[in-house]
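The lines below spell out each chain.
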Amino acid sequence: RAATATSYHDFDNIEVMGGSVVTVLDNPNSNFIVNATLTLQPNGTLIVQDTYDADGPLTFVAGGGNTLRLEGAVVTDTTLLGNPFTPGTGTVAYGGAALNHTVYTRSNGVQINYHHLTIDTSGGRTAAQEAVGLLRVNGNFTILGAPSVFTSAAGSMNVAGSFICNGTFNHA
């Protein structure tokens, strides 16, 4: 179910069940705020086109196929992706044509360890690694398609799984 532009996106707990795809539309009047727990079950997908503001824990439940796709901005406070951020076997995807993305490497001074990380930008938009800190991907790092562009920071990227580049990779 889609929310209208006048709805207020401020939730306490959200759980995206397996097999579900939930899209949060861009709301110019408010951010998508999760005050408590955001849980992505295996094979559950949350697409956030609005500004993402997770104040509580973000948990990818082990089992795989769970995805958080960020198409809007991320509020740059002390929690960034969620506090704590538990990647499990999930994927964080930075994508869309709305804006250029920063791929964050730390939250409140703590290393962010992505499981899988996907870059899926389009429309001339890019994604760039946060300048400070190691970008650590414990699974696969994927630049999805020809219009997708990612720029890493100098000498600070570690990918434990496959490095798949079907777009453009720029190393600073």
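Check the entry above for the structure.
Residues numbered from 1 in each chain as written. Predicted model: local features only at pLDDT ≥ 70, side-chain atom pairs only at ≥ 80, totals over all residues. Heavy atoms only, no water.

(A) The arrangement of the pattern of salt bridges in detail. Scanning the entire structure with this criterion turns up three salt bridges. Three or more residues are tied together by salt bridges with common partners; here these are Arg-69, Glu-71 and Asp-120. (Salt bridge = Lys/Arg side-chain N within 4 Å of Asp/Glu carboxyl O.)

(B) Geometry of the sheet that holds strand 18 (residues 135-137). A sheet is described by the order of its strands in space; here three strands give the open sequence 15-18-21, paired in parallel fashion. A strand with exactly one partner marks an edge of an open sheet, and here the two such strands are strand 15 (113-114) and strand 21 (157-159). Direction of pairing for strand 18 relative to strand 21: parallel, over a ladder of three bridges. Each residue of the ladder has a partner; that of Val-137, found in strand 21, is Val-159. (Pairing = 2+ DSSP bridges. Helix = DSSP H or I, 4+ residues; strand = E, 2+ residues; numbered from the N terminus.)

(C) Spotlight on the sheet that holds strand 7 (residues 52-54). Taken in spatial order, the three strands of this open sheet run 1-4-7, and their pairing is parallel. One side of each edge strand has no neighbouring strand; the edge strands of this open sheet are strand 1 (10-11) and strand 7. Inspection of the sheet shows strand 1 paired to strand 4 (residues 32-34) by two bridges, in the parallel sense. Bridge pairing in strand 4 links Phe-11 to Val-34.

(D) Structural context of the nonpolar core. In terms of nonpolar packing, the biggest core is built from 33 residues, with Tyr-52, Tyr-94 and Tyr-114 touching the most fellow members. Filtering out sequence-adjacent residues up to four positions away, Tyr-94 remains in contact with Leu-70, Leu-81, His-101, Thr-102, Val-103, Tyr-104, Tyr-114, Leu-117, Thr-118, Ile-119, Asp-120 and Thr-121. (Core = buried A, V, L, I, M, F, W, Y, C linked by side-chain atoms within 4.5 Å. Buried < 20%, exposed > 50% of the residue type's maximum accessible area, 1.4 Å probe, protein only. Contact = heavy atoms within 4.5 Å.)

(E) Structural view of the packing of aromatic side chains. In total, this model carries nine aromatic pairs according to the counting rule given. Ring centres of Phe-60 and Phe-85 lie 6.0 Å apart, and the angle between their planes is 85°; this geometry places the pair in the edge-to-face category. Placement of Phe-60 in strand 8 (residues 58-60) and of Phe-85 in strand 10 (residues 85-86) is noted, with a sequence separation of 25 residues between them. A relative accessible area of 2% means that Phe-60 is categorised as buried. Relative to Phe-169, the ring of Phe-150 has its centre 6.1 Å away and its plane inclined at 25°; by these criteria the two rings are stacked. (Phe/Tyr/Trp six-rings, centres within 6.5 Å; stacked < 30°, edge-to-face > 60°.)

(F) Molecular detail of the pairing of strand 9 (residues 67-70). Every second residue of strand 9 is oriented toward a common face, with Thr-67 and Arg-69 on one face and Leu-68 and Leu-70 on the other, all of them buried. Relative to strand 9, strand 6 (residues 45-48) runs parallel, the two being bridged by four bridges. Looking at the pairing, Leu-46 lines up with Leu-68 of strand 9. In this sheet, strand 11 (residues 91-96) lies alongside strand 9 in parallel orientation, the contact comprising four bridges. The residue bridging Arg-69 from the neighbouring strand is Ala-93, located in strand 11.

These figures capture arrangement, not role.
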